[in-house]
Amino acid sequence: MASNPSAPPPGGGGSNRARRGGALAALVGVAIAGTLNLALDRGEGNRKAAYADSIGIQTACRGVIRNADGSPIRRGQRFTPAECNSLNEVETVRHLQAAFAAVPSLQEGCPENCRRPNQIVAAGSLVYNIGPRAFRNSTVARRWNAGDWWGGCEAFGRFNRAGGRVIRGLALRRAWEQRDYCFIGLTPPAGRRP
């Protein structure tokens with residue numbers, strides 16, 4: 001279980017409940033979908049008005065850079081909560097599917113009984129932030145595919161840069177992704193601690 005007391009506990013959800021919860025819940029179950037949405041709101045925010053991100057890209061909602069029609073977010077653009085929910089859902093599913101494609105064992109048992117709920121939340125947050133290509137080519141994915149779940153979680157800390165410089169907010173985000181999700185439920189190898 002996640003150590004974040006405000007987050008619902010990770011876990012699978014029945015397929016009928018998952019269908020009622022949307023595409024994300026159909027992929028990982030209602031509880032994991034809820035926990036991932038909370039983690040993404042924490043990491044990305046969820047702004048209804050367009051803003052420039054840390055490297056100047058126009059962004060809205062939960063770090064979304066494209067409208068539903070594929071056009072870029074424009075300066076001054078505003079969104080309703082329903083519009084943001086829709087854009088966020090599409091982006092979250094797209095990024096989580098990319099994580100599952102890069103590390104197929106991450107999806108084992110989903111959606112009814114996901115075996116690695118905390119690592120799914122951590123991966124979903126990381127991939128949403130760094131992008132599918134970077135995740136696919138990452139040490140995180142390489143270690144997880146080799147069965148080194150602890151080592152993959154340790155590698156999250158490498159993703160603390162944007163625009164060629166260390167960003168304090170990214171370093172803090174990687175730390176809570178590891179602490180609150182990634183390491184949860186894993187046994188550390190001898191001599192290693194989170």
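Criteria and cut-off values
- Residues numbered from 1 in each chain as written.
- Predicted model: local features only at pLDDT ≥ 70, side-chain atom pairs only at ≥ 80, totals over all residues.
- Heavy atoms only, no water.
- Helix = DSSP H or I, 4+ residues; strand = E, 2+ residues; numbered from the N terminus.
- Expected span 1.5 Å × (residues − 1).
- Contact = heavy atoms within 4.5 Å.
- Salt bridge = Lys/Arg side-chain N within 4 Å of Asp/Glu carboxyl O.
- pLDDT = per-residue confidence, 0-100.
- Disulfide = S-S within 2.5 Å.

## Structural notes on helix 3 (residues 30–44)
- A rise of 1.5 Å per residue sets the reference length of helix 3, with its 15 residues, at 21 Å; its end C-alpha atoms lie 21 Å apart and thus fit the reference within 8%.
- Buried residues along helix 3 sit in contact with helix 2 (23–28), strand 1 (47–52), helix 4 (81–102), helix 5 (117–130) and helix 9 (168–182).
- Gly-45 occupies a position one or two residues after helix 3 and carries a positive phi of about 80°.

## Brief notes about the pattern of salt bridges
- Taken as a whole and judged by the stated rule, the model has 9 salt bridges.
- Put simply, Glu-44 and Arg-173 hold a salt bridge, and the shortest N to O gap is 2.7 Å. Of this pair, Glu-44 sits in helix 3 while Arg-173 sits in helix 9, and the two are 129 residues apart along the sequence.
- As a salt-bridge pair, Glu-177 and Arg-173 come within 3.0 Å of each other at their nearest N and O atoms. With a gap of 4 residues between them, Glu-177 and Arg-173 both fall in helix 9, about one helical turn apart.
- One salt-bridge network, in which partners are shared between bridges, spans Glu-44, Arg-173, Arg-174 and Glu-177.

## Quick look at the confidence of the model for the chain
- Averaged over all residues, the pLDDT of the chain equals 89, while 89% of them reach at least 70.
- Note that pLDDT drops below 50 for residues 1–20; the model gives that stretch 49 contacts with residues more than four away or on any other chain.

## Looking at the state of the cysteines
- Counted according to the given criterion, the structure contains 3 disulfides.
- A sulfur-sulfur distance of 2.0 Å marks the disulfide that ties Cys-61 to Cys-84. Where Cys-61 bonds to Cys-84 through sulfur, the torsion about that S-S bond is close to -80°, and the disulfide is left-handed. Note that Cys-61 is positioned in strand 2 (residues 58–61) and Cys-84 in helix 4, a separation of 23 residues in sequence.

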